[in-house]
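Chain and residue survey
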Amino acid sequence: CGSFTAEYVGELERTLQDEANGSPNVALDLSGVTFVDREAMNFLCNARSRNVSIDNIPSYVKRWILQERRCGSANKEPGR
């Protein structure tokens, strides 16, 4: 809840790796997130490219993804 910044990326990455070993269906819910820094944004793009579902992405992060043409095709809607 609140900020998703570089300090949390390592821990979340380890958690996703542990979950991926036991369950192929992993999702992130960003409904309580109000700030995302660049390193966290890179993590989200990487997670998305590994087919991790990311729900409730803040609108400014969606725009950031589209503006920078990150996470694959710019025509692909963020969070899908």
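Relevant structure appears above.
The shown structure was predicted, so the numbers you read here are calculated from the model rather than taken from an experiment. (Residues numbered from 1 in each chain as written. Predicted model: local features only at pLDDT ≥ 70, side-chain atom pairs only at ≥ 80, totals over all residues. Heavy atoms only, no water.)

1. Topic: the pattern of salt bridges
Under the convention used in this document: Just to be clear on terms, a salt bridge is a Lys or Arg side-chain nitrogen sitting within 4 Å of an Asp or Glu carboxyl oxygen. Each helix corresponds to a stretch of at least 4 residues labelled H or I by DSSP, and each strand to a stretch of at least 2 residues labelled E; elements are numbered beginning at the N terminus. When a residue's accessible area, from a 1.4 Å probe over protein chains only, is under 20% of the maximum for its type it is buried; when over 50% it is exposed; and in between it is partly exposed.
Scanning the model with the defined rule gives one salt bridge in all. Across the pair E13 and R50 runs a salt bridge, and its minimum N-O distance is 2.8 Å. Note that E13 is positioned in helix α1 (residues 6–22) and R50 in the loop between α2 (38–49) and β4 (53–55), a separation of 37 residues in sequence. R50 gets classed as partly exposed once you look at its relative accessible area, which sits at 37%.

2. Side note on the side chain of T5
Our working rule: Only heavy atoms matter for contacts: two residues are in contact if any of them lie within 4.5 Å across the pair.
Looking at the element boundaries, T5 is found in the loop between β1 (2–4) and α1. Taking the relative accessible area as the measure of exposure, T5 reaches 13% and is therefore buried. Ignoring any residue separated from it by four or fewer positions in sequence, one finds T5 in contact with F35, D37 and A40.

3. Some words on the environment of T34
Structurally, T34 is set in strand β3 (residues 33–36). Along the backbone, T34 and P58 are 24 residues apart, and their C-alpha atoms lie at a distance of 7.0 Å. Setting aside anything within four residues of it in sequence, one finds T34 in contact with G2 and Y60.

Shape is all these values report; function is a separate question.
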